[in-house]
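Listed here are the chains, written in short residue letters.
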Amino acid sequence: IFPSPVGGMVGLLTDVRQSCGQCWQETGDVIYLLGMGSDLIGSDTQETSELITLGGSEYLATVHHQVTGQPPKVDDALEKKVQAVCREGIAKGWIRSAHDSSEGGLAIALAESCIGSHRGATVQLAIDSTTSHRWDRVLFGEGGARIIVSIAPDHKAAWEAHLTQSLGQHWEKLGSVGASKQSLQITTSDGVELVNVGVGEMGDRWSTAIDRRMAQ
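Starting afresh in each chain, residues are numbered from 1 along the sequence in its written order. It should be noted that, the model being predicted, local features are given only for residues of pLDDT at least 70 and side-chain atom pairs only at 80 or more, the latter also being counted only at that level, while totals for whole chains, interfaces and linings use all residues. Side-chain numbers here rest on the full set of heavy atoms in the structure, without hydrogens or water.

> Honestly, the environment of His-170 in this entry has me stumped. Any pointers?
Position of His-170 among the secondary structure elements: in the loop between α7 (156-167) and β5 (171-180). On the basis of relative accessible area, His-170 is assigned to the buried category, the value being 18%. Taking the C-alpha atoms as reference points, His-170 and Gly-200, 30 residues apart in sequence, are found 32 Å from one another. We call two residues in contact when some of their heavy atoms are within 4.5 Å. Setting aside residues up to four positions removed in sequence, His-170 forms contacts with Leu-34, Gly-35, Met-36, Leu-40 and Leu-78. Runs of H or I in DSSP of at least four residues are treated as helices and runs of E of at least two as strands, each being numbered from the N terminus. Burial here depends on accessible area, computed with a 1.4 Å probe over protein chains only, as a share of the maximum for the residue type. Under 20% is buried, over 50% is exposed, and the range in between is partly exposed.

> Please explain the pairing of β5 as it appears in this structure.
Should DSSP find at least two bridges between two strands, the strands are taken to pair. Two strands pair when backbone bridges link them, and strand β1 (residues 30-35) and β5 are joined in this way by five bridges, in the antiparallel orientation. Residue pairing for β5: Leu-33 is matched across the bridge by Glu-172. In this structure, strand β3 (residues 119-124) lies alongside β5, joined through four bridges in antiparallel fashion. Bridging across to β5, Arg-119 finds its partner in Ser-180.

> Whenever I open this one, helix α5 (residues 105-117) confuses me. Can you help?
Within an α-helix, residues lying three or four positions from one another point in the same direction, as the helix has 3.6 residues per turn. What a helix should span is 1.5 Å times the count of its residues minus one. With 13 residues, α5 extends 19 Å between its outermost C-alpha atoms, agreeing within 8% with the 18 Å of an ideal straight helix rising 1.5 Å per residue. For α5, the tally of buried residues reaches 10 of 13 residues, placing the bulk of the element in the interior. Those residues of α5 lying buried are Gly-105, Leu-106, Ala-107, Ala-109, Leu-110, Ala-111, Ser-113, Cys-114, Ile-115 and Ser-117.

> Is there a simple way to think about the environment of Val-177 in this case?
Turning to its location among the elements, Val-177 is positioned in strand β5. Judged by relative accessible area, Val-177 falls into the buried class, the value being 3%. Sequence separation between Val-177 and Glu-26 is 151 residues, and the spatial gap between their C-alpha atoms is 7.0 Å. Sequence-distant contacts of Val-177, defined by excluding residues within four places in its chain, comprise Trp-24, Glu-26, Thr-27, Gly-28, Asp-29, Ile-31, Arg-119, Gly-120, Ala-121 and Ser-150.

> Explanation requested: the side chain of Thr-53 in the structure shown.
For Thr-53, the location among the structural elements is in the loop between α2 (46-51) and α3 (58-63). The contact partners of Thr-53, leaving out residues within four places of it in the chain, are Gln-70, Pro-71, Pro-72, Arg-137, Gly-141 and Glu-142.

Okay, here's the thing in C-alpha cells:
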C-alpha cells in the first residue's frame, strides 16, 4: 500500500510436505475465496468498505495514476481465523494451492494463479449485475484476511463443512480450474461477463512488464 515500507518475515515449517504454492495444480479443482467474499463486498456496508478498499491500491496507481485514499483497516480476528483455516486445510491435504488476495485485489490474484500454472479458471461471483456495485472495487479492491485456495473435488464436502464451521459466512466458492492455456473468465451470478482474457496474453503482459516500463 503506497507509500508504506515493505516488511519481510521468516517462518518455520516443521514438515516441508505440508506446503503448497500459489498456482493451480489440476484441471477441475474447485476454487474458493477465504475471508471477505464478493457478496459481502457488494453489500457495501461500513465494515466492508473499510476492510476492502481502492484507497492506496495498485488499481488507482496503475489505471488512474493516483496515490491517494485511506488504506484498508485490519480485522485481526478474521485474519487469524482465515490463516488458521488455510494452514489446517494444507496440513490435511485438502488445499492444493493458496494465494493471498492483497496487492491488485481478487482479479490479479486469480490471474497470477493462472499465469504460474498455465491453466485458466472459470469464476462466478456471488453478486449479480442488477444491483449497484463498484465493479473496480469488487475486482481490484485490496485488503487483508483474503486467501484464494484450490482443492480436489473429492474433498469438497468435508472442506465446505469445515469452512462453515470455522468461518461462518466469510468464504465463497468461486469456480473451477480450467485446462492448459485456456482463459480466465469472471462473471456475475446472473452471467454477465466481467473478465475474459487468455492465459497466454496475461503471461505476456506479466513477463514483459519491466521491459515495457523501461522503454517508456
